[in-house]
Amino acid sequence: MGRSPSLSLISLGYCIIVLFIIMHDLGYNCLMLKYSLLPERRQVMNQFLSEEAAFRISTVLTALKFYERFVLIFLHALLTINRGCAVFIPMRYSHMFSYRKTALMVASVFVVCSPVFVIYAFEIFGCLYFFHPQNYTYYFRRNLCFDIHRIAEWICAGFFLSTSIVADILIALSLFKQRKRSGMDTFKDVRDFSFMIQTLVLSLANGFSMLYLYTLGSFSTGKLWLDHVPKLLDLVLALTYT
């Protein structure tokens, strides 16, 4: 059975995010390569800050990183809704997730999250967050913008991811019971049960890593893996649908 048009469109959204992840990682690596080639005496803190072009690239790449994070959260929520409708209300699924409506939903996710990129890329409202390639860490301006961003990310990650995880568990249990009872393929527009379990495991890992990052991890310094775990999980989660 082929993949449904609606799932293919959501997969396209994940593919776009994969490209964005590759772009911002390549950008960071290019910046680090540039400053690693400088003579040691020139590798001072203000060297990077004094170069407008490199500093601007860093802020744009970091804005892209935040944009990816929010888009992935909402795409995951959209995919959970898609699955839930396919399993619990299959008679209305084709109408609710037609090709046109699904395309509009996916496009809306990218548009709704776009202010995150614009605000940080152009430092609107004093929002500043950038990657420093000389000491491999992030710096930010601690102000109201930063506090609002933290709260918004908490709400989005906490509510949408936790709701999606619970919904995925219920959907997986329902599919398992239907298959066990009927002995037939009851997955309809959902590709297969292992596909569901794989995504559920990744979303659980993503949720727990973010929970640690914003609780105990917020008091941990020098643990670089905290920055890489969510990024790795986002990449794997996105590649799952490609």
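Rules behind the numbers
- Residues numbered from 1 in each chain as written.
- Predicted model: local features only at pLDDT ≥ 70, side-chain atom pairs only at ≥ 80, totals over all residues.
- Heavy atoms only, no water.
- Patch = residues over 30% accessible without salt bridge, like charges linked within 9 Å, V, L, I, M, F, W, Y side chains within 5 Å.
- Areas by Shrake-Rupley, 256 points an atom, 1.4 Å probe, with all protein chains shown as cover.
- Salt bridge = Lys/Arg side-chain N within 4 Å of Asp/Glu carboxyl O.
- Helix = DSSP H or I, 4+ residues; strand = E, 2+ residues; numbered from the N terminus.
- Expected span 1.5 Å × (residues − 1).
- Buried < 20%, exposed > 50% of the residue type's maximum accessible area, 1.4 Å probe, protein only.
- Disulfide = S-S within 2.5 Å.
- UniProt positions renumbered as here; feature names shortened; annotations may be inferred.
- Pairing = 2+ DSSP bridges.
- Core = buried A, V, L, I, M, F, W, Y, C linked by side-chain atoms within 4.5 Å.
- Contact = heavy atoms within 4.5 Å.

- The name an unreviewed UniProt entry gives the protein is 7TM GPCR serpentine receptor class x (Srx) domain-containing protein, with Ancylostoma ceylanicum as the organism.

1. Some remarks on a nonpolar patch on the surface
- Together, Phe88, Ile89, Val166, Ile169, Leu170 and Leu173 give the surface a local cluster of nonpolar side chains, amounting to about 520 Å² of exposed area.
- For the nonpolar patch, the leading source of residues is helix α6 (residues 144-182), giving four residues.
- By the secondary structure assignment, Leu173 is in helix α6.

2. Things to note about helix α5 (residues 99-121)
- If you check α5, its first and last C-alpha atoms are 33 Å apart, about what 23 residues at 1.5 Å a residue would give, namely 33 Å.
- Burial in α5 covers these residues: Thr102, Val106, Val109, Phe110, Cys113, Val116, Tyr120 and Ala121.
- Once α5 finishes, Glu123 follows within two positions and takes phi at roughly 55°, a positive value.

3. Examining helix α3 (residues 52-88)
- In this model α3 runs 54 Å from its N-terminal to its C-terminal C-alpha over 37 residues, within 8% of the 54 Å that 1.5 Å per residue would give.
- Counting buried positions along α3 gives 29 out of 37 residues, so the element sits mostly inside the fold.

4. A closer look at the state of the cysteines
- For the coordinates displayed, the defined rule picks out one disulfide.
- Two residues, Cys127 and Cys145, share a disulfide whose sulfurs are 1.6 Å apart. Linking Cys127 and Cys145, the disulfide has an S-S dihedral of approximately 110° and is accordingly described as right-handed. Of the two residues, Cys127 sits in the loop between α5 and β1 (129-132) while Cys145 sits in helix α6, which places them 18 residues apart along the sequence. In this pair, the class of Cys127 matches that of Cys145, namely buried.

5. Description of the UniProt feature "transmembrane region" (unreviewed entry) in the protein
- Here, UniProt's "transmembrane region" (unreviewed entry) annotation points to residues 7-28, 70-91, 103-131, 151-173 and 193-214.
- Each end of residues 7-28 is marked by a C-alpha atom, and these two atoms are 32 Å apart; helix forms 100% of the span and strand 0%.
- The annotated region residues 103-131 carries 66% helix and 10% strand content, and the separation between its end C-alpha atoms amounts to 34 Å.

6. Section: the pairing of strand β2 (residues 137-140)
- With four bridges joining them, β1 and β2 adopt antiparallel strand pairing. Residue pairing across strands places Phe130 opposite Tyr139, the latter belonging to β2.
- Count of turn residues in the β1/β2 antiparallel hairpin: four residues, of which Tyr136 carries a positive phi of about 55°.

7. Here's the deal with the nonpolar core
- Counting 41 residues, the largest nonpolar core has Ile17, Val71, Leu75 and Tyr120 as the members making the most contacts within it.
- If you list the elements that add at least two residues to this core, you get α1 (5-36), α3, α5, β1 and α6.
- If one sorts the elements of this core by residue count, α3 sits on top with 15 residues.
- When neighbours within four sequence positions are excluded, Leu75 is seen to be in contact with Ile10, Gly13, Tyr14, Ile17, Val106 and Val109.

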